[in-house]
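Letter by letter, the chains look like this.
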Amino acid sequence: MSGGLFALLDDVAALARLAAASVDDVGAAAGRASMKAAGVVVDDTAVTPQYVQGVAAHRELPMIRKIAVGSLRNKLLIILPAALLLSQFLPWLLTPILMLGGAFLCYEGAEKIWEKVSGHHPEETSAAEAATDPVEAEKRMVAGAIRTDLILSAEIMVISLNEVADEPFLSRAVILAVVGVGITALVYGVVAVIVKVDDVGLGLTQRASATAQRLGHAMVAAMPRLLTVIGVVGTAAMLWVGGHILLVGVDELGWPALYDAVHHLEEQVHDALGAVGATAAWLVNTAASAALGLLVGAVVVALAHLRPRRGSAANS
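Basis of the calculations
- Residues numbered from 1 in each chain as written.
- Predicted model: local features only at pLDDT ≥ 70, side-chain atom pairs only at ≥ 80, totals over all residues.
- Heavy atoms only, no water.
- Helix = DSSP H or I, 4+ residues; strand = E, 2+ residues; numbered from the N terminus.
- Buried < 20%, exposed > 50% of the residue type's maximum accessible area, 1.4 Å probe, protein only.
- Contact = heavy atoms within 4.5 Å.
- Areas by Shrake-Rupley, 256 points an atom, 1.4 Å probe, with all protein chains shown as cover.
- Phe/Tyr/Trp six-rings, centres within 6.5 Å; stacked < 30°, edge-to-face > 60°.
- Polar contact = N/O pair within 3.5 Å; in protein donor to acceptor, adjacent residues only side chain to side chain.
- Core = buried A, V, L, I, M, F, W, Y, C linked by side-chain atoms within 4.5 Å.

Caption draft 1: Inspection of the overall build of the protein chain at higher detail. Regarding its fold elements, the protein chain presents ten helices and zero strands. N-terminal to C-terminal, the α/β element order of the protein chain is α-α-α-α-α-α-α-α-α-α. Going through the 316 residues of the protein chain one by one, you find that 36% of them count as buried. Within the protein chain, residue pairs in contact and separated by at least 24 positions form 76% of the contacts whose partners lie at least 6 positions apart. Total accessible area on the protein chain stands at roughly 17900 Å², and carbon and sulfur atoms take up 69% of it.

Listed below in structure tokens is the structure:
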């Protein structure tokens, strides 16, 4: 009897170790997948705060909560089932779809640079319109944010799926769900902190303590710079990630010349620089990917801006 009991306990312990190992594997895979989607995550974090600019302070966090819930629905109810079905029955489509997403990232990055250089910015909801009907304006801003998030979330999930495409179906589902929930919590948690930093700083400026006042003024003054840095990093990350997706994609589709040229240059730099060779080689790959991303993005931006002019010329 005792022998049977100890055998049972051994089996339970073995199952527990196996479960723990599975959890560790899922966590590690989710971590790898999330890192590959880092460029889109940074962009998502940089884009979202603009939707609550000009909104009353007490409505900022409720709006972010609504956008986060919409983002979670996008990932888990729309994108996750579609991605899993695609990977199960049409896995050969993953690379072309990923490349389309990469081209979109390149376009987004190049468009941001074009807006900065040209001074042209997309139309936004006017303050007067928001003041006239703030409830309706808030609904429109939340809906617009969720629509934008759908594109970014699709990129995050497809990039993540590509990293775990060799995993069993159930493992893929669990990993992507973990990635979706984790990235949503991370992005909108950071966004919530960002949009409230200036309110916290403003509160500190009204304290009696001189130290608190100085800290408050510093926090308020730092916010525009922080948003600028996030925007620049997000733009660079989009060009890098998008370009790298295209670089790898053309190789997988049977056109290896460009990938081989970059890889050969990496190896030369790695061998020539000794101790710092690995870092320098990574920088070479990153720079080449970003340059490709900027080139492709610039072409798409030019085509996107050319089409409306053609349409207006035809109408005239």
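From this point, the narrative continues.
Caption draft 2: Seen up close, the environment of Gly-242. Structurally, Gly-242 can be placed in helix α8 (residues 210–252). Considered as a pair, Gly-242 and Leu-98 are 144 residues apart in the sequence and their alpha carbons are 9.2 Å apart. Among all residues touching Gly-242, those that are not within four sequence positions of it are Gly-102, Leu-105, Cys-106 and Ala-237.

Caption draft 3: The packing of aromatic side chains, seen in detail. Following the criterion strictly, the structure yields two aromatic pairs and no others. When the ring of Phe-104 is compared with that of Tyr-107, the centres are 6.3 Å apart and the planes differ by 40°; the resulting orientation is tilted. Residue Phe-104 and its partner Tyr-107 are both found in helix α4 (residues 94–118); the two are separated by three residues, about one turn of the helix. Owing to a relative accessible area of 25%, Phe-104 belongs among the partly exposed residues under this scheme.

Caption draft 4: The arrangement of the side chain of Thr-184 in detail. Relative to the helices and strands, Thr-184 is located in helix α7 (residues 169–205). A polar contact of 3.0 Å, which involves the side chain of Thr-184, links it to the side chain of Lys-75. Setting aside its immediate chain neighbours within four residues, Thr-184 contacts Ala-68, Ser-71, Leu-72, Lys-75 and Gly-189.

Caption draft 5: Local environment of the nonpolar core. Membership of the largest hydrophobic core comes to 19 residues, with the highest contact counts inside it found for Ile-64 and Tyr-188. Looking at this core, the elements that each hand over two or more residues are α3 (57–89), α6 (134–163) and α7. For this core, the element with the highest residue contribution is α7, accounting for eight residues. Formed by ten residues, the second largest nonpolar core is a distinct cluster that contains Ile-79, Ala-83, Met-157 and Ala-173.

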